[in-house]
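So the chains spell out like this:
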Amino acid sequence: MDDVTESKVLLAEYDRLKEEQKTRIGFRDNLLYFTLAAITAVLAVTVHSGQSRLLLSAPAICLILGWTYLVNDEKISAIGCYVRDQLGPRLAELSSAQGAVFGWEAYHRNAAGRTLRKRLQTAVDLFTYLILPMVCTTVFWCSPTAQPLLVVTSLGQALALAVLGWQFLRRTEQ
């Protein structure tokens, strides 16, 4: 137990947090591809069957996967913030470091073009998780077989998608 120091504990915590962050980034990024594949499958089945009501599964898919994407993205950012604002300064204090500890956590946030990249990523996210399902919903609304109960359901989905879109936009600034 003598070789356990606060610095070693903080470094071990850092390693575990970075591992979790890496895993979450991979999962989050794969959600985007999975969502696009799922929407493509919905469109293919709808076209093949001719049943426009199947299009309403697209908003449900995008709501579930989009929310999961957002939750993972928030945790990824929270880990970075914790390392930058809590863990790094504590370790710097313990080690009497002259410069920032874990400097990459702050450095990459100031890289040229970061704001543009974040906005473009938000556009991709909104297209995937909001625009595509709303196109499916609109096509359903325009179909001659739209039933009143399904139209009401689709209105609820559209409202939920608007909330999801707002959450994506809110996260853009972070």
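In this report, the structure presented in the accompanying data block is examined. Model, not experiment: these values are computed from the prediction.

For the coordinates displayed, the defined rule picks out eight salt bridges. In this structure, Glu 6 and Arg 90 form a salt bridge, with 2.8 Å as the shortest nitrogen-oxygen distance. Of the two residues, Glu 6 is situated in helix H1 (residues 6–49) and Arg 90 in helix H2 (residues 57–95); the sequence distance between them amounts to 84 residues. What makes Glu 6 partly exposed here is its relative accessible area of 39%. We note a salt bridge from Lys 75 to Glu 74, for which the minimum N-O separation is 3.7 Å. One network of salt bridges, with partners in common, ties together Arg 28, Asp 29, Asp 73 and Arg 171.

Okay, the nonpolar core next. With 20 residues, the main nonpolar core has Leu 31, Ile 39, Ala 58, Tyr 69, Tyr 129, Leu 164 and Phe 168 as its most contacted residues. Looking at this core, the elements that each hand over two or more residues are H1, H2, helix H4 (114–142) and helix H5 (148–172). Here the element with the most residues in this core is H2; it accounts for six residues. For Leu 164, the contacting residues outside a window of four places in its chain are Cys 62, Leu 63, Gly 66, Trp 67, Leu 70 and Tyr 129. Counting 10 residues, the second largest nonpolar core, distinct from the first, contains Leu 10, Tyr 14, Leu 87 and Phe 102.

Okay, the packing of H2 against H4 next. Two elements in contact, H2 and H4, have axes separated by 8 Å at closest approach and are oriented at 160°. As the angle between them shows, H2 and H4 are arranged roughly antiparallel. Crossing of H2 against H4: the hand is left-handed. Residue-level inspection shows Ala 58, Pro 59, Cys 62, Leu 65, Gly 66 and Tyr 69 of H2 in contact with H4, the latter providing Gln 121, Asp 125, Thr 128, Tyr 129, Pro 133, Cys 136 and Thr 137.

So, about the packing of aromatic side chains. In this structure the tally under the stated criterion is three aromatic pairs. Ring centres of Tyr 69 and Tyr 129 lie 5.4 Å apart, and the angle between their planes is 45°; this geometry places the pair in the tilted category. Taken together, the residues span a long stretch of sequence, with Tyr 69 in helix H2 and Tyr 129 in helix H4 at a distance of 60 residues. With respect to burial, Tyr 69 and Tyr 129 carry one shared label: buried. Linked through ring pairs, Tyr 69, Tyr 129 and Phe 168 together constitute an aromatic cluster.

Definitions and limits used
- Residues numbered from 1 in each chain as written.
- Predicted model: local features only at pLDDT ≥ 70, side-chain atom pairs only at ≥ 80, totals over all residues.
- Heavy atoms only, no water.
- Salt bridge = Lys/Arg side-chain N within 4 Å of Asp/Glu carboxyl O.
- Helix = DSSP H or I, 4+ residues; strand = E, 2+ residues; numbered from the N terminus.
- Buried < 20%, exposed > 50% of the residue type's maximum accessible area, 1.4 Å probe, protein only.
- Core = buried A, V, L, I, M, F, W, Y, C linked by side-chain atoms within 4.5 Å.
- Contact = heavy atoms within 4.5 Å.
- Axes fitted to C-alpha atoms, helices over the stretch in contact; angles between N-to-C directions.
- Parallel < 35°, antiparallel > 145°, perpendicular 65-115°, else oblique.
- Left-handed = near helix turned anticlockwise from the far one by under 90°.
- Phe/Tyr/Trp six-rings, centres within 6.5 Å; stacked < 30°, edge-to-face > 60°.

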